Amino acid sequence: METIDRKGGSALWHQIGEILAADIAAGTFAPGTKLPAEPELMQRFGVSRFTVRQALGHLEQRGLVRAEQGRGTFVHGGVLDYTLSKRTRFHKNLIEQGFEPGGELLVHEIVPATERVAAHLKIAIGAPVIHRRGVMTADGIPVELGDSYYPAERFPDFDHARLQHPTISAALASYGVTDYERLSTEIEARMPTADEARILRQPKSVPLLVTRKVDADTDGVPITYSESVWPAERTTFNLDLR
C-alpha cells in the first residue's frame, strides 16, 4: 500500500490525484491506456471507493483522463504539440494532430489601446482597438486562454464578421487580409491567477506557458497583437523558424 499523508492539510483525494498525475507525466500510464480499476486503486492507497472517485474526477476535470461508461478511465490522448511558425493556425494545428478544435468567446469590446498594445500594432496610444478574450479547446479540454487586439478602424463590425465565418482567418479574409504571417513570438512561464486556473481547469500549483505574438499582413502591417496562456501540463511548443 502506498503511503499518503493522512494527518496533513491536503485532502486524500487531492494527494492521490497528484500521485496519479505524476505517473501520467512520467509515462507510467501512456496516452490511451486504461488506469487501474477502482478496487486496485483502493488497495494501492488504502482508501474508500468514494475517495478514489474524487481523485479520478479531479484528473478528468484537469483534462488528463476521460471516463468511459462501462469501460473505465483512460489517459487522455496526449499533450498538444503546438507548432509556432510564421504561419501558425490554431485549427490547422489541432486537426493535424487528431484533436477537435473548439472554443468560447468570453469578451468582445472596443477599448483604447494601451501603450503596449499600441506599440505592437504600430498605432497611436488611445486609438480604438477590438479586444477579444476567448478560451480555445482541444476535444473539449481548455488549452488556451487568450486576449487578442485588432485595430478597430481597419476591422469595423468585426464581431459580426466573425459570426459569419468559421475561423479568424476566414473573417480577416472578408476584410481583404487573405494571408498573414507571424512577425514575432515571445514565450515565458509563470504561475496562474485563480481566474486563469478556473477557466483552464487546472490547479493553481501548475505553471502556465505564456505567449505574446504579433501577426501582420503581406505588407508587414500588424493586424493582431495577442497574449495567451496555456496549461504547461497539456502543451508543448515546437518552434519552426523556417
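A quick note: this is a predicted structure, and the numbers were derived from the prediction, not measured.

This part covers helix H1 (residues 12–26). Over its 15 residues, H1 runs 21 Å from end to end, which matches the ideal 21 Å to within 8%, given 1.5 Å per residue. Of all the positions in H1, only Gln-15, Ile-16, Gly-17, Ile-19, Leu-20, Ala-21, Asp-23 and Ile-24 are classed as buried. The elements touched by buried residues of H1 are helix H2 (38–45), helix H3 (49–61), strand S1 (65–68) and strand S2 (72–75). One or two positions beyond H1, positive phi appears at Gly-27, with a value near 90°.

Our next topic: the environment of Asp-23. Mapped onto the elements, Asp-23 comes out in helix H1. Setting aside residues no more than four positions away along its own chain, Asp-23 makes contact with Thr-28, Phe-29 and Arg-44.

Next up on the list: the packing of H2 against H3. Running from amino to carboxyl end, H2 crosses H3 at an angle of 105°, the nearest separation of the two axes being 9 Å. On the basis of their axis angle, the class for H2 and H3 is roughly perpendicular. Listed contacts from H3 to Glu-38, Pro-39, Leu-41 and Met-42 of H2 are Arg-49, Val-52, Arg-53 and Leu-56. Looking at the contact of H2 with H3, its residues break down into 5 nonpolar, no polar and 3 charged.

Thresholds, definitions, all that
Residues numbered from 1 in each chain as written. Predicted model: local features only at pLDDT ≥ 70, side-chain atom pairs only at ≥ 80, totals over all residues. Heavy atoms only, no water. Helix = DSSP H or I, 4+ residues; strand = E, 2+ residues; numbered from the N terminus. Expected span 1.5 Å × (residues − 1). Buried < 20%, exposed > 50% of the residue type's maximum accessible area, 1.4 Å probe, protein only. Contact = heavy atoms within 4.5 Å. Axes fitted to C-alpha atoms, helices over the stretch in contact; angles between N-to-C directions. Parallel < 35°, antiparallel > 145°, perpendicular 65-115°, else oblique. Nonpolar A, V, L, I, M, F, W, Y, C, P; charged D, E, K, R; others polar.

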